[in-house]
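The primary structure of each chain is shown beneath.
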Amino acid sequence: MRECDIPTPVYVVDEDKLIENLEILAGVEERTGVKILLAQKAFSCYHFYPLIAKYLAGATASGLFEARLSHEEMGKENHVYCPAYSDDEFDEIVSLCDHIVFNSPAQVKKFARRAKNKSLGLRINPEFSTQKTAIYDPCAFGSRLGTTLENFDEEILPLLEGLHMHTLCEQDADALDKTLKEAEKKFGKYFKSMRWLNLGGGHHITRAGYDIPLLEKNVKGLQDRYGVEVYLEPGEAVALNAGYLYTRVLDIVKNCIYIAILDCSAECHMPDVIEMPYRPPLFGAGNEGEKKYTFRLSSKSCLAGDIIGDYSFDTPLKVGDILRFDDMAIYTMVKNNTFNGMPLPAIAKKKGENFEIIKSFGYSDFKSRL
Ligand SMILES: *Cc1c(COP(=O)(O)O)cnc(C)c1O
């Protein structure tokens, strides 16, 4: 199918771009021996798991369902971390996962005997913030994520093979470098007795300008100093800029400004636009007022604040135009919802100039969840 024939709304995963990212990550793995896992939280489009499996060591999950998905669809190393496991899901998690990471010493003590032949780890909190967005900062005051040094319980050390930390979000290697210095100051005394260290996600490795040599220096430093296996589990970096959301203009209304109503929704289909908030890149468009015709892009939902942003164009938008939002593979289809009875976008793949729908959704996807 050609681009102009594509039904909208649709998420399109760009396979060529995904492969570019995977090759960058595989290069880091080859040069350092680090093991890289897909964090499924960002991108769980399992159609691509066999492709991802050719490059990465496996996947990590935030809980039972993601763990089951990677077990079924990727079949490589399977890791899980969850802020708290529940009794009724834990045995199934054990049956699916190789590495199980706990959030607190109490959870380790509660569950370790039910996971005897598995590699167990604890998430630590180095209490070192390198970013300002509190909702993405696991080191923010009062964070539940990871055990602080004060709350570390040395009794559990014999049960642990690894330590895990995840404190970054869309960051460069300098933030990792600083964080590791702090983490080693606090928890370094425990690193030597570990088999592995997992440095979490938030490493924007595939972004242009990311300092890959500094990342690799840090990985090698840990391997050399402590004799540990090092893991990274990026989500974003795997599918960064490897997807689009295509949408059509349904109507144009005027209320002091021109407003285009699209067949997609920020609230339902790209919730980070409202949650973070941020203005998603739109192919071929400029900032408000930069080009001749400015439009507010807004959605088909009934939520007044369901606004994507103000964009400008060389020619006025008209009903039926197709627009392409960029960087829409990550944290989109894993987060979408059917609020307002909004249809879920189909999922397609782009290879070269060819578009192929791999999944469509309908009324039953709305009804079956209610
Ligand atoms: C979210 C998360 C990741 C992935 O983070 P990205 O920012 O998508 O790279 C990895 N590990 C843990 C524990 C996470 O919570």
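Conventions adopted
- Residues numbered from 1 in each chain as written.
- Predicted model: local features only at pLDDT ≥ 70, side-chain atom pairs only at ≥ 80, totals over all residues.
- Heavy atoms only, no water.
- Axes fitted to C-alpha atoms, helices over the stretch in contact; angles between N-to-C directions.
- Helix = DSSP H or I, 4+ residues; strand = E, 2+ residues; numbered from the N terminus.
- Left-handed = near helix turned anticlockwise from the far one by under 90°.
- Contact = heavy atoms within 4.5 Å.
- Nonpolar A, V, L, I, M, F, W, Y, C, P; charged D, E, K, R; others polar.
- Phe/Tyr/Trp six-rings, centres within 6.5 Å; stacked < 30°, edge-to-face > 60°.
- Buried < 20%, exposed > 50% of the residue type's maximum accessible area, 1.4 Å probe, protein only.
- Parallel < 35°, antiparallel > 145°, perpendicular 65-115°, else oblique.
- Near = heavy atom within 4 Å.
- Polar contact = N/O pair within 3.5 Å; in protein donor to acceptor, adjacent residues only side chain to side chain.
- Areas by Shrake-Rupley, 256 points an atom, 1.4 Å probe, with all protein chains shown as cover.
- Domains from an automatic or database assignment.
- Buried area = accessible area lost by both parts, 1.4 Å probe.
- Salt bridge = Lys/Arg side-chain N within 4 Å of Asp/Glu carboxyl O.
- Pairing = 2+ DSSP bridges.

1. Quick look at the packing of helix α1 (residues 15-32) against helix α7 (residues 212-226)
Logical step 1: Where α1 meets α7, the closest approach of the two axes is 10 Å, and the angle between their N-to-C directions is 35°. By crossing handedness, the relation of α1 to α7 is classed as right-handed. When α1 is examined against α7, the residues Ile24, Gly27, Val28, Arg31 and Thr32 are found in contact with a partner set consisting of Ile212, Leu215, Glu216, Val219, Lys220 and Gln223.
Logical step 2: When its residues are assigned to classes, the contact of α1 with α7 shows five nonpolar, three polar and three charged.

2. Some details on the packing of aromatic side chains
Logical step 1: On inspection of all chains with the given rule, the structure shows 17 aromatic pairs.
Logical step 2: With a centroid separation of 6.2 Å and 80° between ring planes, the pair formed by Tyr244 and Tyr246 is classed as edge-to-face.
Logical step 3: Exposure remark for Tyr244: the relative accessible area of 9% places this residue in the buried category.
Logical step 4: Tyr246 sits in the buried class, given a relative accessible area of 2%.

3. With respect to the packing of helix α3 (residues 64-73) against helix α4 (residues 87-96)
Relative placement of two packed helices is described by the angle separating their axes and the distance separating the axes.
Logical step 1: In contact at an axis separation of 10 Å, α3 and α4 are set at 25° when each is read in the N-to-C sense. Our classification of the angle between α3 and α4 gives roughly parallel. As for how α3 packs across α4, the hand of that crossing is left-handed. Across the interface between the two elements, Leu64, Ala67, Arg68 and His71 of α3 pack against Glu89, Glu92, Ile93 and Leu96 of α4.
Logical step 2: Taken together, the residues of the contact of α3 with α4 break down into four nonpolar, one polar and three charged.

4. Examining the site of the ligand
Logical step 1: Lining the immediate surroundings of the ligand are 14 residues, of which Lys41, Gly202, Glu233, Gly235 and Tyr331 lie closest.
Logical step 2: Here Gly235 contributes a backbone N or O atom positioned 2.9 Å from an oxygen atom of the ligand.
Logical step 3: Here the ligand has 380 Å² of accessible area as a free molecule, and 89% of this is covered by the chains.

5. What to know about the domain arrangement of the protein chain
Logical step 1: Domain boundaries assigned for the protein chain yield domain 1 (3-11 + 243-328 + 336-367) and domain 2 (33-239).
Logical step 2: The straight-line distance from the C-alpha centre of domain 1 to that of domain 2 is 34 Å.
Logical step 3: The partner domain 2 presents eight residues to the eight residues of domain 1 that form the contact.
Logical step 4: Across the domain 1/domain 2 interface, buried area totals approximately 660 Å², and carbon plus sulfur atoms make up 56% of it.
Logical step 5: Three residues stand out in domain 1 for area buried against domain 2, namely Met276, Lys349 and Ile358, and they jointly supply 57% of the buried area on that side.
Logical step 6: In this structure, the connection of domain 1 to domain 2 is made through zero salt bridges.
Logical step 7: Our count for the domain 1 to domain 2 interface comes out at three residue pairs in polar contact (both at pLDDT 80 or more).
Logical step 8: Secondary-structure elements contributing two or more residues to the side of domain 1 that touches domain 2 are α10 (272-275), β16 (346-351) and β17 (354-359).
Logical step 9: In terms of residue class, the side of domain 1 that touches domain 2 is made up of three nonpolar, no polar and five charged.

6. Examining the pairing of strand β15 (residues 322-326)
Logical step 1: Judged by how many residues are buried, β15 sits mostly within the fold: four of five residues are covered.
Logical step 2: Sheet analysis places strand β10 (residues 243-255) next to β15, joined by five bridges and oriented antiparallel. The residue bridging Leu245 from the neighbouring strand is Phe325, located in β15.

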